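Single-letter residue listing:
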Amino acid sequence: MRLMLIMLLSLYASVPDLTACRKLLDLSLADEKTANQFYDQLKGVKENDAPVMVGFRAMSEFMLCKHLVNPISRLSHFNRGKKLLEAAIGRDNDSAELLFFRLTTQCNIPAVLRYNTNINTDKQSLISYLKADFNKAHTDKELHKRIKNYLLINPYCSTEEKTVIKTL
């Protein structure tokens, strides 16, 4: 029993928390070293782990491929990230964090990759999340702020949508 507890604690300690994952994700966009660190920390996350962690693993794949030069490696990491993200959303399709990951990815990748079919539905789901989440005491305020800030600069949001988002 004691050995099992130690194993569980060591496994939990090796998976970063949401705040740490979000910070690494943000920094990975511009820094290859951080992207590699982000990927290394999450490469042990399996497809049947918590959906949000699978989503972060997917994002680590996307961030890594952003910094690679070899087009075959880039495509391989992109496809792995796409598969992981879609699997995570398939298991938790109401997760605002996962929909946010997909929206930011689909809005920022080349159209030739043909991974842009969920932009409008994800955008609407996230606006609904912000509306429902507004003033809730138990809300993830950091996630709320991240989604709101992104939607306000997103070219896929109309002026009317941005006006509504500003009030949330």
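Up top you'll find the structure we're talking about.
Below you will find a few notes about this structure. The model shown is predicted, which means the values in this text are computed figures rather than measured ones.

**Considerations on the environment of Tyr150**
Mapped onto the elements, Tyr150 comes out in helix H8 (residues 141-153). Relative accessible area serves as the criterion here: at 16%, Tyr150 is assigned to the buried category. On a C-alpha basis, the gap between Tyr150 and Thr104 in space is 8.2 Å, while along the polypeptide they are 46 residues apart. Residues in contact with Tyr150, not counting those within four places in the same chain, are Phe100, Leu103, Thr104, Cys107 and Asn108.

**Focus on unusual backbone geometry**
One non-glycine residue with positive phi stands out, namely Arg114, at about 55°. Note on placement: Arg114 falls in the loop between helix H6 (96-108) and helix H7 (119-133). For Arg114, a relative accessible area of 70% puts it in the exposed group.

**Re the packing of H8 against helix H9 (residues 159-166)**
Two numbers describe a pair of packed helices, the interaxial angle and the distance between the axes. It is the contact of H8 with H9, at a shortest axis distance of 9 Å, that shows an interaxial angle of 155°. When the axes of H8 and H9 are compared, the pair comes out roughly antiparallel. The chirality of how H8 crosses H9 is left-handed. Judged by residue contacts, Lys148, Leu151, Leu152 and Ile153 of H8 engage Lys162, Ile165 and Lys166 from H9. Here the residues of the contact of H8 with H9 are counted per class, giving four nonpolar, no polar and three charged.

**A few points about H7**
In this model H7 runs 21 Å from its N-terminal to its C-terminal C-alpha over 15 residues, within 8% of the 21 Å that 1.5 Å per residue would give. Taken as a whole, H7 has its buried residues at Ile119, Asp122, Lys123, Leu126, Ile127, Tyr129, Leu130 and Asp133. Angularly, the buried residues of H7 cover 155° about the axis, an arc narrow enough to put them on a single face. Looking at the buried residues of H7, the elements they touch are H6, H8 and H9.

**A word on the pattern of salt bridges**
Applying the stated criterion to the full structure yields 11 salt bridges. Where Arg102 meets Asp122, a salt bridge forms, and the shortest distance between an N and an O atom there is 2.7 Å. With a gap of 20 residues between them, Arg102 in helix H6 and Asp122 in helix H7 connect regions that are remote in the sequence. Its relative accessible area of 2% is what places Asp122 among the buried residues. When salt bridges that share partners are traced, they join Arg22, Glu97, Asp140 and Glu142 into one network.

Basis of the calculations
Residues numbered from 1 in each chain as written. Predicted model: local features only at pLDDT ≥ 70, side-chain atom pairs only at ≥ 80, totals over all residues. Heavy atoms only, no water. Helix = DSSP H or I, 4+ residues; strand = E, 2+ residues; numbered from the N terminus. Buried < 20%, exposed > 50% of the residue type's maximum accessible area, 1.4 Å probe, protein only. Contact = heavy atoms within 4.5 Å. Axes fitted to C-alpha atoms, helices over the stretch in contact; angles between N-to-C directions. Parallel < 35°, antiparallel > 145°, perpendicular 65-115°, else oblique. Left-handed = near helix turned anticlockwise from the far one by under 90°. Nonpolar A, V, L, I, M, F, W, Y, C, P; charged D, E, K, R; others polar. Expected span 1.5 Å × (residues − 1). Arc of directions from axis to C-beta. Salt bridge = Lys/Arg side-chain N within 4 Å of Asp/Glu carboxyl O.

What is shown is where atoms sit, not what they do.
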